[in-house]
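# Understanding the architecture of this molecule
Chain by chain, the residues run as shown.
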Amino acid sequence: MQSNNTTTPVALVTGASRGIGQALALGFADAGYDVIVTDLPQTEGDLRKTAEMIGLRNRKAYLYTLDVSEREQINDVARRALEEAGRIDVLVNNAGVLKLSLLQDLDEKTWDTHFDVNVKGVLMMCQAIVPHMRERKSGRVINIASIAGRQGVALQGHYAATKSAVITLTRVLAQEVGMDGVTVNAICPGIILTEMGRNNLGSEAAVRHWEEVAALKRLGKPEDIVGPALFFASEQSDFVTGQALNVCGGIYFH
Ligand SMILES: NC(=O)c1ccc[n+]([C@@H]2O[C@H](COP(=O)([O-])OP(=O)(O)OC[C@H]3O[C@@H](n4cnc5c(N)ncnc54)[C@H](O)[C@@H]3O)[C@@H](O)[C@H]2O)c1
């Protein structure tokens, strides 16, 4: 989005060390944003590479390790990031986990981890950063959900439930903060060939199968998520809020 003054706009991306999060961080840098990149402490080496690539694009990168399921860490990082970067115009809640399991076999720990990261993480990030946006009467929240959250997929019942919850949080938060100039939207990727996407598919045969199913006859690259995210971040989407957009090459249509 455009800044209210001439200062460079700032985007914060969670889970930015690889996959969709890294592509989004670089995509925002290419679009002229300085980028706050965060991810788990054990990913710090890769997160530094993301930050370096942002630097090569002549944009500023601010790097913080952060587990989005830990409220204290979130509040600490939000405070430090706002101090250092001065503002956060766009919050991209991208961090997520997926471990396959039949519902029948699902243990409570796996259920809890998925909800702690995929849902509570989104909620707590919004709680930490949206008040700053409301104060400034301007801001964009972009939540990375999934078409699984619309359709439900075998072996992903717990994951799909978290992503349905993210879509609902998106709709509700949009209604609660719209009066202060903050929009909240979700992107529902289809199958994107990241570490998570490949683990999910499990085999090259499955990749071929889904390529055939897709209207566009291919599966997604992390970069395919960048354009829709920049749209939700930009003035072009000023009148769009509480929506969830499928970005899936035509494998799901509702
Ligand atoms: N790849 C797909 O096919 C696909 C499809 C639909 C939705 N998505 C969603 O897109 C987002 C990105 O997925 P991806 O494919 O790039 O996956 P990925 O596994 O490659 O990356 C996920 C990132 O999230 C980070 N992360 C995990 N737990 C975290 C935590 N507790 N705190 C902070 N960071 C944490 C990981 O370290 C990693 O960098 C996720 O929310 C995922 O659910 C992916």
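Please read these numbers as outputs of a predicted model, since none were measured by experiment. (Residues numbered from 1 in each chain as written. Predicted model: local features only at pLDDT ≥ 70, side-chain atom pairs only at ≥ 80, totals over all residues. Heavy atoms only, no water.)

### Comments concerning the packing of helix α4 (residues 108-136) against helix α6 (residues 157-177)
It is at 9 Å that the axes of α4 and α6 come closest, and there the two elements cross at 15°. Taken together, the axes of α4 and α6 are roughly parallel relative to one another. You can see that α4 and α6 cross each other, and the crossing is right-handed. Listed contacts from α6 to T110, W111, H114, F115, N118, V119, V122, L123, C126, V130 and R134 of α4 are H158, Y159, A161, T162, K163, A165, V166, L169, L173, E176 and V177. Its residues assigned to classes, the contact of α4 with α6 comprises 14 nonpolar, 5 polar and 3 charged. (Axes fitted to C-alpha atoms, helices over the stretch in contact; angles between N-to-C directions. Helix = DSSP H or I, 4+ residues; strand = E, 2+ residues; numbered from the N terminus. Parallel < 35°, antiparallel > 145°, perpendicular 65-115°, else oblique. Left-handed = near helix turned anticlockwise from the far one by under 90°. Contact = heavy atoms within 4.5 Å. Nonpolar A, V, L, I, M, F, W, Y, C, P; charged D, E, K, R; others polar.)

### Let's talk about unusual backbone geometry
Generally, phi is negative for residues other than glycine and the peptide bonds are trans, each holding for most cases. Its identity as a non-glycine residue notwithstanding, N58 has a phi of 60°, on the positive side. Looking at the secondary structure, you find N58 in the loop between α2 (44-56) and β3 (61-65). You will see that K137, though not glycine, has its phi angle at about 60°, which is positive. Positionally, K137 belongs in the loop between α4 and β5 (139-144).

### A look at the pattern of salt bridges
Tallied over the entire structure, the rule returns 20 salt bridges. A salt bridge links R79 to D76; the nearest nitrogen and oxygen atoms lie 2.8 Å apart. In this pair, R79 and D76 are both assigned in helix α3 (residues 71-85), 3 residues apart and thus about one turn of the helix distant. For D76, a relative accessible area of 28% puts it in the partly exposed group. Between D238 and R140 there is a salt bridge, and its shortest N-O distance comes to 2.7 Å. Here R140 lies in strand β5 and D238 lies in the loop between α9 (226-233) and β7 (244-247), a separation of 98 residues in the sequence. Linked through salt bridges whose partners overlap, the residues forming this network are D76, R79, R80 and E83. (Salt bridge = Lys/Arg side-chain N within 4 Å of Asp/Glu carboxyl O. Buried < 20%, exposed > 50% of the residue type's maximum accessible area, 1.4 Å probe, protein only.)

### Let's talk about the site of the ligand
In the vicinity of the ligand there are 29 residues, among which R18, D39, N94, Y159 and T194 approach most closely. One of the side-chain nitrogen or oxygen atoms of S17 is found 3.3 Å away from an oxygen atom of the ligand. Within the side chain of D67, an N or O atom sits 2.9 Å from a nitrogen atom of the ligand. Compared with its free state, where it exposes 820 Å², the ligand has 95% of that area covered by protein. Elements with a minimum of two residues in the shell around the ligand: α1 (19-30), α6 and α7 (195-201). Per element, the largest residue contribution to the shell around the ligand is 3 residues, and it comes from α7. Looking at the shell around the ligand residue by residue, the classes come out as 14 nonpolar, 10 polar and 5 charged. (Near = heavy atom within 4 Å. Polar contact = N/O pair within 3.5 Å; in protein donor to acceptor, adjacent residues only side chain to side chain. Areas by Shrake-Rupley, 256 points an atom, 1.4 Å probe, with all protein chains shown as cover.)

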